[in-house]
Amino acid sequence: MARPTPLLSALVSALLLAGCGGKGAPGPASGTRGGTETSDGTGGEPRPRAPAPRPRTRRPGRAPTAGLAPLGPGVALTDGSQMAVAAGQVAHGARSRREIALTFDADMTRAMLATLRSGRVSGWLDRRLFAELRATRTPATIFLTGLWTRQYPAQVRRLARDPLFELANHSIDHAAFATPCFGLPTVAGAAAKRQEVVGAAHTIEQIAGVRPRYFRFPGGCARPSDVSLVEGAGERPVLWDVVSGDAFQRDPNVIVRAVLAQARPGSIVVAHCIGAPNTPATAAAMRVIIPTLRARGYRFVTLSQLLAG
Ligand SMILES: [Zn+2]
């Protein structure tokens, strides 16, 4: 389904999810939040999908504090794009335990919401993925945008009630806190940024009855002041050390290979739970990844469990 017409491909590539470890459009952000969310023909230019992208290796290495990303701003990624990464974000748990946290981002930009309302996409909810996680009793952490939470309140309440899942915060509308960031729209100014954090937390708490402990910057892009801002709001910024590369990837085997190659004790895997057309192969990939990592002796845990102790 969702056979990508040129129009849809352009929309998907130019407007929609690009970050969070995804393969996004290179170059500077193509718009500002609340501004143009249609293609401006610059930073949002669609690119052909690479047939078999190599997994990006952006490992924390010798972190000053275990589990914290030591990366500076403007990190160049191996696919040619860049993301601004601030130190101080959690990138993994203890390397001494064979535990892995699967995390799935529920991205929803205002452009994605518009495509949903227009009927150009049927949904941004990967039901097959959640069914797979439940069927295999696999704990996971779901980073919710406020817009996604409002769009799927019943699903969010079900997730909140299920002890398999932990709910976390992914901003209101997936705007980038720092650029470059995969061509995402941007949010500027401390007040607007703070609202992205506390507003989404409020929505999640209102609908799900749980208060998120962790925040993930859209695209992972942030400056040190943004990290402080999130901490000031009482949440802990979380990155990842395993990039699933599920954004715009149709071949589940590519995702499987990427995750299995990068996974280590304490890893945080970033993927998405929005399904086709943006992340059409995530569920199929997890069908292989989950049993394979378990066979290697790993145990799946929520972020709180991974980072406990
Ligand atoms: Zn995201």
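The model shown is predicted, which means the values in this text are computed figures rather than measured ones. (Residues numbered from 1 in each chain as written. Predicted model: local features only at pLDDT ≥ 70, side-chain atom pairs only at ≥ 80, totals over all residues.)

A tally of helices and strands in the protein yields 10 helices and 10 strands. By residue count, 53% of the 309 residues in the protein fall in the buried class. (Helix = DSSP H or I, 4+ residues; strand = E, 2+ residues; numbered from the N terminus. Buried ≥ 20, exposed ≤ 12 C-beta atoms within 10 Å, placed from the backbone.)

That bond from threonine 179 to proline 180 is cis: its omega, 5°, falls within 30 degrees of zero. Relative to the helices and strands, proline 180 is located in the loop between strand 5 (165-169) and helix 6 (190-208). That bond from alanine 276 to proline 277 is cis: its omega, 5°, falls within 30 degrees of zero. Structurally, the position occupied by proline 277 is in the loop between strand 9 (268-272) and helix 9 (282-295). Despite not being glycine, serine 171 has its phi angle at roughly 80°, a positive value. Along the chain, serine 171 turns up in the loop between strand 5 and helix 6. Within the chain, phenylalanine 248 stands out as a residue other than glycine whose phi angle is a positive 65°. Of note, phenylalanine 248 is situated in the loop between strand 8 (242-243) and helix 8 (252-262).

This next bit is on helix 3 (residues 127-135). Within helix 3 the residues assigned to the buried category are Leu129, Phe130 and Leu133. An end-on view of helix 3 places all buried positions within 95° of arc, on one side of the element. In helix 3, the exposed positions angled more than 90 degrees off the buried face are occupied by Arg127, Ala131 and Ala135. Against the buried residues of helix 3 lie strand 3 (99-106), strand 4 (140-144) and helix 9. Positive backbone phi, approximately 50°, marks arginine 137, located one or two places after helix 3. (Arc of directions from axis to C-beta. Contact = placed C-beta atoms within 7 Å.)

With that out of the way, let us pick up the packing of helix 8 against helix 9. Following both chains from N to C, one finds helix 8 and helix 9 inclined at 35°, their axes separated by 8 Å at the closest point. Viewed along their axes, helix 8 and helix 9 form a crossing whose handedness is right-handed. Contacts between helix 8 and helix 9 involve Pro252, Ile255, Val256, Val259 and Leu260 from the former and Thr282, Ala284, Ala285, Val288, Ile289 and Thr292 from the latter. In the contact of helix 8 with helix 9, the residues fall into 9 nonpolar, 2 polar and no charged. (Axes fitted to C-alpha atoms, helices over the stretch in contact; angles between N-to-C directions. Left-handed = near helix turned anticlockwise from the far one by under 90°. Nonpolar A, V, L, I, M, F, W, Y, C, P; charged D, E, K, R; others polar.)

Let us look at the nonpolar core. Residues Ile142, Leu144 and Val269 are the most contacted members of the largest nonpolar core, which totals 76 residues. Other than its neighbours up to four places away in sequence, leucine 144 contacts Ala106, Thr149, Val156, Leu167, Ala168, Asn169, His170 and Ile204. (Core = buried A, V, L, I, M, F, W, Y, C linked by C-beta atoms within 7 Å.)

A few words on the environment of leucine 116. Relative to the assigned elements, leucine 116 resides in helix 2 (residues 110-118). Taking the C-alpha atoms as reference, leucine 116 lies 9.8 Å from glutamine 151; in sequence the two are 35 residues apart. The contact partners of leucine 116, leaving out residues within four places of it in the chain, are Val121, Gly123 and Trp124.

Counted residue by residue, strand 3 has 8 buried out of 8 residues, so it is predominantly covered. Here strand 3 shows a buried face lined by Glu99, Ala101, Thr103 and Asp105 and a second buried face lined by Ile100, Leu102, Phe104 and Ala106. Bridge count between strand 3 and strand 10 (residues 299-300): 2 bridges; the pairing is parallel. Within strand 10, the residue paired with glutamate 99 across the bridge is arginine 299. Across 5 bridges, strand 3 lies against strand 9 in parallel orientation. Residue pairing in the sheet places phenylalanine 104 in a bridge with alanine 271 of strand 9. In the sheet, strand 3 pairs with strand 4 via 4 bridges, with the strands oriented parallel. (Pairing = 2+ DSSP bridges.)

This part is about the environment of methionine 108. By the secondary structure assignment, methionine 108 is in the loop between strand 3 and helix 2. We classify methionine 108 as buried; it has 27 C-beta atoms within 10 Å. When the C-alpha positions of methionine 108 and leucine 147 are compared, they lie 5.9 Å apart, and in sequence the two are 39 residues distant. Setting aside residues no more than four positions away along its own chain, methionine 108 makes contact with Leu113, Trp124, Thr145, Leu147, Trp148, Gln151, Asp173 and His174.

On to the pairing of strand 5, then. The element strand 5 is largely enclosed, with a buried count of 5 among its 5 residues. Bridge analysis of strand 4 against strand 5 gives 5 bridges, and the strand direction is parallel. Counted as the bridge partner of alanine 140 is phenylalanine 165 from strand 5.

Looking now at the confidence of the model for the protein. Here the protein shows a mean pLDDT of 80. Residues at 70 or above account for 72%. Taken as a whole, residues 1-19 scores under 50 in pLDDT and shows 55 contacts with residues more than four places along the chain or in a different chain. (pLDDT = per-residue confidence, 0-100.)

Further remarks concern the environment of phenylalanine 300. Inspection of the secondary structure assignment puts phenylalanine 300 in strand 10. Owing to 21 C-beta atoms within 10 Å, phenylalanine 300 belongs among the buried residues under this scheme. For phenylalanine 300 and threonine 138, which are 162 residues apart along the polypeptide, the C-alpha to C-alpha distance reads 6.3 Å. Those residues in contact with phenylalanine 300, other than ones at most four positions away along the chain, are Ile100, Leu102, Thr138 and Pro139.

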